[in-house]
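So you can see what is in the structure, the chains are spelled out below.
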Amino acid sequence: MAEIIQNYDVIVIGGGHNGLVAGCYLARAGQSVLLVERHNCLGGMALSAPLIDAAPRHMVNPGAYENVYLRAGGIVEDLGLQRFGYREVDSVGWAWLGDGGESLLFQADVHKTVADIARFSRRDAAAYRELITVALKAVELQGRYGGGPPNRPSLGTIAVGLRMLVQDRKLRSTLAGLLTGTAADAITSTFESDQLRGAFASIATILGAPTAEGSALALLATSSLHGAGAARPVGGMGGLILALEKCLQHFGGVVRTGVAAVHIQHDGRRATGVTLSDGTTVTARHAVLTAIPPQRIPDLIGDGLPATLAERLRAAPANAGGVATLTVNLALSGQLRLPAHQPGRSDVDLRKPALFTGSFDGVVKSCEQASRGELPTDAPWWCTIFTAMDSSQAPPGQDTAQLYSPAPVIAAGGWDLRRKEAAQLLIDQVGQVIPGVHALEIGRLVETPEDLTRRTTTVNGCLYHVDHLVTRMGPLRPALGAAGYRMPLRDLYCTGAGFHPSGGVSGLPGKHAALAVLADVGRRR
């Protein structure tokens, strides 16, 4: 007979950063919380761990590594995570590397970024300044709306939003174009130089193919550097996860790893508990909260959701265009250098920013190849040398780095057969610019879209659980009828990257879901 554990007010399913944030808010409010995570380590998309057998002292960050939304969300201050060891260092920015040794640095200072762009095109520098002026207003509007629930924005948010949209024609037209257009069209109509076109095309791959409808939103990406600013947690993204775990436990929360939720129990009216993979049954007095990809929720709850809603959740698009990412983490015996590009930059150590490459035509071609299941022949890539900013992530004098590039969701012939080939192709391409990746390699961790799905249960290797489309925002994210964190089955709540306001590391979906639970508990009392 399965053991029955009672007296938990809330059960949180999923130990990514949003599940942990939700658990912290609930535990701090006096709720008894149990958080369960199927993986042996907490973190999900924000995992950091020594995962390379040949390099047990090298910290690996297979997913997120930089906070571009966390500061704006205010979660760190709200939960007092500094008390639990959270530390961060300011991001140096993102540096695009050209084939001829040229580089372009997007950094916090708008004027310095514009001056860097002007070296390639004065017209593009002016266009970028104009774009960022509007983008920062759009990001402010997004931040105000994202700071609350999607279905009921505050009167203040509505008033500010209406005033901004009514008074600023440029903001209206820009937002309309970014929400509905493609990144490819927006890039070519905004910039003239190969450098700016290539840089923004590569940035657009963070959200998918630049030719996809709605992908023009990628032109807002660099505004995050100019607004609240981006940062990297000390110890990798796992530094944030560790602080959240300590915060949760400080307020009495319990964490269990290596055990999965296999069924959410209900009595037809409300969620009553969870059956775990070890046979344990855990009852929930007030709420069961899922912090997992929304497409997986119907399988956990069975007949507890209306059939139409269950189908909407299952059908939420995830890398629907067929383009995902291939990630390779490297443990290195020495330090990487950029001999072709560093001599041209006396103002910045190019080891520190996130590095990326790509021409406009090359990015478009690579994404077209990936959408057909082919391995891109000359894919744009990103490379981040974690130890350049935080030496604690490897032994002294050694590096860890993450490489990633666009890749097919399903590789022709199957990822099991193509994994090694794809990883070596990516490393060889990076090695043309950073030659040390071959000679210094101790070991590697490769994650194909299928590997990422197995590790995190995301669909099609989608980093954001649900694609960022105009039809999947606000009250429509992840699906109509599921956007307000509350499910039709009472006491079942859902959160995570697939819910409002968006994917990425902000903690806001977790916070909003926890506040919904607490509001309902308060009303019942």
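These numbers were taken from a predicted model, which means no experiment stands behind them. Residue numbers restart at each chain and count upward from 1, following the sequence in its written direction. With the structure being a predicted model, the display of local features is reserved for residues of pLDDT at least 70 and the display and counting of side-chain atom pairs for 80 or more, all residues being used for whole-chain, interface and lining totals. Only hydrogens and water are set aside when side-chain values are computed; all heavy atoms of the structure are taken into account.

A. Structural detail: the overall build of the chain. Strands are runs of DSSP state E lasting at least two residues, helices are runs of H or I lasting at least four, and both sets are numbered from the N terminus onward. The helix and strand tally for the chain stands at 18 helices and 16 strands. Against the globule reference of 24 Å for 525 residues, the chain gives a C-alpha radius of gyration of 23 Å, in line with a compact fold. Based on the C-alpha atoms only, the size of the chain along its principal axes is roughly 65 × 60 × 45 Å. Counting the 525 residues in the chain, one finds 60% classified as buried. With the radius of gyration taken over C-alpha atoms, the globule rule is written as 2.2 Å times the number of residues to the power 0.38. Buried, partly exposed and exposed residues are distinguished by accessible area as a fraction of the type maximum, computed with a 1.4 Å probe on protein chains only: under 20%, between the cut-offs, and over 50%, respectively.

B. A look at the packing of aromatic side chains. Only rings of Phe, Tyr and Trp enter the pairing, Trp through its six-membered ring, and a pair is recorded when the two centres are within 6.5 Å. The plane angle decides the type: under 30 degrees is stacked, over 60 is edge-to-face, the rest tilted. Evaluation of the coordinates by the stated rule reveals eight aromatic pairs. Between Trp382 and Tyr404, the aromatic rings sit 6.1 Å apart at their centres with planes inclined by 10°, giving stacked as the arrangement. Of the two residues, Trp382 sits in strand S13 (residues 382–385) while Tyr404 sits in strand S14 (residues 399–408), which places them 22 residues apart along the sequence. Residue class for Trp382 comes out buried when judged on its relative accessible area of 3%. An aromatic cluster of three or more residues is present, and its members are Trp94, Phe356, Trp382 and Tyr404.

C. Quick look at the pattern of salt bridges. Definition used for salt bridges: Asp or Glu carboxyl oxygen within 4 Å of a side-chain nitrogen of Lys or Arg. Summed over the entire model, instances satisfying the criterion amount to 25 salt bridges. A salt bridge links Arg345 to Asp347, with the shortest nitrogen-to-oxygen separation between them at 2.8 Å. As a salt-bridge pair, Asp520 and Arg523 come within 2.3 Å of each other at their nearest N and O atoms. Within this pair, Asp520 and its partner Arg523 are both found in helix H18 (residues 508–524), separated by three residues, close to a single helical turn.

D. Region of the structure containing unusual backbone geometry. With an omega of 5°, the peptide bond running from Arg477 to Pro478 counts as cis. Looking at the secondary structure, you find Pro478 in the loop between helix H17 (449–456) and strand S16 (492–494). At Thr457, a residue that is not glycine, the phi angle is positive and equals roughly 70°.

E. Representation of the nonpolar core. Grouping buried Ala, Val, Leu, Ile, Met, Phe, Trp, Tyr and Cys residues that are joined through side-chain atoms within 4.5 Å yields what is termed a nonpolar core. In this structure, Ile13, Leu81 and Leu492 are the most contacted members of the largest nonpolar core, which totals 67 residues. For this core, the leading source of residues is helix H1 (residues 17–28), giving seven residues. The next biggest cluster of nonpolar side chains, apart from the first, holds 45 residues, and it includes Leu104, Ala138, Phe360 and Ala370.

F. Examining the state of the cysteines more closely. Note that a disulfide, as used here, is simply two cysteine sulfur atoms within 2.5 Å. One pass over the full model with this rule turns up zero disulfides. Just so you know, Cys367 is unpaired, no disulfide at all, and the nearest cysteine sulfur is the one on Cys462, 14 Å from it. Judged by relative accessible area, Cys367 falls into the buried class, the value being 3%. Of all cysteine sulfurs in the structure, the one in Cys462 sits closest to Cys494, which takes part in no disulfide; the separation is 17 Å.

G. Representation of helix H4 (residues 110–118) in the model. Taken together, the buried positions of H4 are occupied by Val110, Thr113, Val114, Asp116 and Ile117. Looking straight down H4, one finds its buried side chains confined to an arc of 160°; they lie on one side. Relative to its buried face, H4 has exposed residues pointing more than 90 degrees away, namely His111 and Lys112. Contacts described as polar in this section are N or O atom pairs within 3.5 Å, which, within protein, must combine one atom able to donate a hydrogen with one able to accept it, while residues neighboring in sequence count only if both atoms come from side chains. Taking the backbone nitrogen of His111 as reference, a side-chain oxygen 2.8 Å away marks Asp109 as the first, capping residue of H4. In this description, the arc belongs to the directions extending from the helix axis to the C-beta atoms.

H. Examining the layout of surface pockets more closely. For the second largest pocket, the calculated volume is near 410 Å³. Around the second largest pocket sit 20 residues that line it, and Asp99, Thr357, Gly358, Ser359 and Asp378 are the ones nearest its centre. Elements with a minimum of two residues in the lining of the second largest pocket: strand S4 (94–97), helix H9 (194–204) and helix H14 (360–371). Class assignment of the residues belonging to the lining of the second largest pocket gives a composition of seven nonpolar, nine polar and four charged. Cavity means a closed set of points on a 1 Å grid over the protein atoms alone, one where a 1.4 Å probe fits but cannot get out, pocket means an open set with protein on both sides within 12 Å along at least 5 of 7 lines, and lining means a residue has an atom within 4 Å of a point. Grid points are joined across faces, edges and corners, and a volume is the space filled by probe spheres set on the points. Each residue gets one of three labels, nonpolar for Ala, Val, Leu, Ile, Met, Phe, Trp, Tyr, Cys and Pro, charged for Asp, Glu, Lys and Arg, and polar for the others, Gly among them.

In short, geometric facts, not functional conclusions.
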